[in-house]
Amino acid sequence: MPAREWDKVDTLESYVSREQRMHPQSRGVFSDLLRRIGVASKVIVSKVNKAGLLTDKGIFGRSGRPEPGRRTFHLLANDIMRSTLSWMPAVAGIASRDEEEMTSFPANGAISSRYIVVYDALDGSSNIDVNISAGTIFAIYRCPIGVEQPELEDYLQPGYKAAAAGYVIYGSSTMFVFTTGQGVHGFTLDPDIGEYILSHENILIPDDCTCFSANESHYARWDEPTKRFADHMRFGDDPRYTGTSSRYIGSLVADFHRNLLYGGVFLYPADCETGEGKLRLLFECAPLAMIADQAGGLATTGRERILDIRPTALQQRVPLIIGNREAVELHGRMIRDHDIALGLRRPSRPPS
Ligand code: AHG
Ligand code: MN
Ligand code: MN
C-alpha cells in the first residue's frame, strides 16, 4: 500500500481509541481490554497456523484424538487467554468454556469500573487437526460496582447486559469482529505488520437467507417443528428460500461468520430426548447473539431470545437458532404453532 494510503488506515487500536474519546469520562480501561483480547488472538493464531508442525513434533496432541499427557490446542488457547487477561487490574474475573470454575480477582483498592470476561478460547478446536477454520468467542460484562471479588451470580448475567461481545475467526485470513452495542465491525489481520485493519464497518446480515447450516445427521433427534422448518428451508417452494444452500463447517464461529456476511441461518437444536442443546449459553450463544442482534439478525432457543436468558450455571447449554431474522422468526412461529396445537401454551407472539 503506498505510503500516503496508510494515513487512512484504521487499525483496531486507533478505532477503539477513537471510540473511547467519544466517552470523555472513560479512562480507557474497557478499550485496553478489547486490545488485550486482540493481542491474545494474535498469539493464538501464531500457534494455530502452525498446528501440523507443532502436533507432529509431539509438542501438542491432536484435538480430535486426545493423547495422554499432551496439551491440545484448545487448552493452549485457554492458557493464552487466561495469562493475557488475568494480570489486568480492570479484570475482576474470567470464566472459560474449558474450565468448570470461574477465576475471580480481588479489587485490592484498584479502579472502580472492572469487568468480567467470558470466552471460548478455541471454538471448533477439533477442526484444527484438519486445517479447518476455528475461532475465539468472547463477551465482556461489567462487574457490579462495589463488588470486591465477583461471585458466581456476577458471572451469570443475561447477554443483553454485555458491554461488548465478539469473536476472532482463524480462517483463510484472521478477522476480529466485535460490537459494543454500536454496530458490528470487522478487522482483518495484516500479518505483514501484525495489525488488525478495519475491513468491514457496520456489518449487517443480508436479507437473503442463502445458507441453511445444521448438522443434518442429528435430524432424527430434532423436535417436529424444527424438522418442519428444516424441510421448509431445504425442500419447500417458499420463494424466499428456494436459493438456500446447505453449508455446515462444524465450527460455530466459521458457520456463524459466513452467515453474518452472506446471509443465512444456523441451527444447533436441542436433542428432543434429552432436551439439551450442545452449545454453551455464556461462552458461545450469548456473545454471538449480541453480534447477530447488532447486525439486524436474531438468536433464539426457538422459544425465547438468547440475549434474555439469565444463565443458571456457567456451562449451561441451550438450543441455538441464529442468523437471518426472518428465518429465525419463521422457526419461532413453527415452534409456537406446534406448542399451541399440543396445548402447551396459549397463542402469543414468538420471540423477536
Ligand atoms: P468447541 O470446539 O468449543 O467444543 O465447539 C465445538 C462446537 C461448535 O464449534 C460447532 O458448531 C459444534 O461443536 C459442532 O458440533 P457437531 O460436531 O455435533 O456438529
Ligand atoms: Mn465452542
Ligand atoms: Mn472451544
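Throughout what follows, the structure given in this document is the object of discussion. Values in this document were obtained by computation on a predicted structure and should not be read as measured data.

Moving on, we get to the site of ligand 1. Taken together, 17 residues lie around ligand 1, and D123, G124, Y248, L252 and Y268 are the ones closest in. With respect to ligand 1, the side chain of N215 contributes an N or O atom lying 2.9 Å from an oxygen atom. In this structure, K278 approaches ligand 1 through a side-chain N or O atom, which is 2.9 Å from an oxygen atom. When ligand 1 sits alone it has 480 Å² of accessible area, and the protein chains cover 83% of it. A breakdown of the residues in the shell around ligand 1 according to their chemical character gives 6 nonpolar, 6 polar and 5 charged.

Taken as a whole and assessed by the stated rule, the structure comprises 9 aromatic pairs. Here the aromatic rings of F138 and F176 are separated by 5.7 Å at their centres, their planes lie at 40°, and the arrangement is tilted. Of this pair, F138 sits in strand 4 (residues 134-142) while F176 sits in strand 6 (residues 174-179), and the two are 38 residues apart along the sequence.

For the manganese ion (ligand 3), every protein donor is listed as D120 (OD) and L122 (O), and the spread of their distances is 2.2 to 2.3 Å. Between the manganese ion (ligand 3) and the manganese ion (ligand 2), a spacing of 3.7 Å is present, and a bridge between the two is formed by D120. There is no split in this pair, since D120 and L122 are both buried.

Another aspect to go through is the coordination of the manganese ion (ligand 2). On the protein side, the manganese ion (ligand 2) has D120 (OD), D123 (OD) and E284 (OE) as donor atoms, found 1.9 to 2.1 Å from it. For the manganese ion (ligand 2), the single-chain donor residues occur in sequence as D-x2-D-x160-E. For D120, a relative accessible area of 2% corresponds to the buried category.

Conventions and cut-offs
Residues numbered from 1 in each chain as written. Chains lettered and ligands numbered in written order. Predicted model: local features only at pLDDT ≥ 70, side-chain atom pairs only at ≥ 80, totals over all residues. Heavy atoms only, no water. Near = heavy atom within 4 Å. Polar contact = N/O pair within 3.5 Å; in protein donor to acceptor, adjacent residues only side chain to side chain. Areas by Shrake-Rupley, 256 points an atom, 1.4 Å probe, with all protein chains shown as cover. Nonpolar A, V, L, I, M, F, W, Y, C, P; charged D, E, K, R; others polar. Phe/Tyr/Trp six-rings, centres within 6.5 Å; stacked < 30°, edge-to-face > 60°. Helix = DSSP H or I, 4+ residues; strand = E, 2+ residues; numbered from the N terminus. Donors = N, O, S within 2.8 Å, 3.2 Å for Na, K, Ca; no water. Buried < 20%, exposed > 50% of the residue type's maximum accessible area, 1.4 Å probe, protein only.

No statement about biological role is implied by the geometric values presented.
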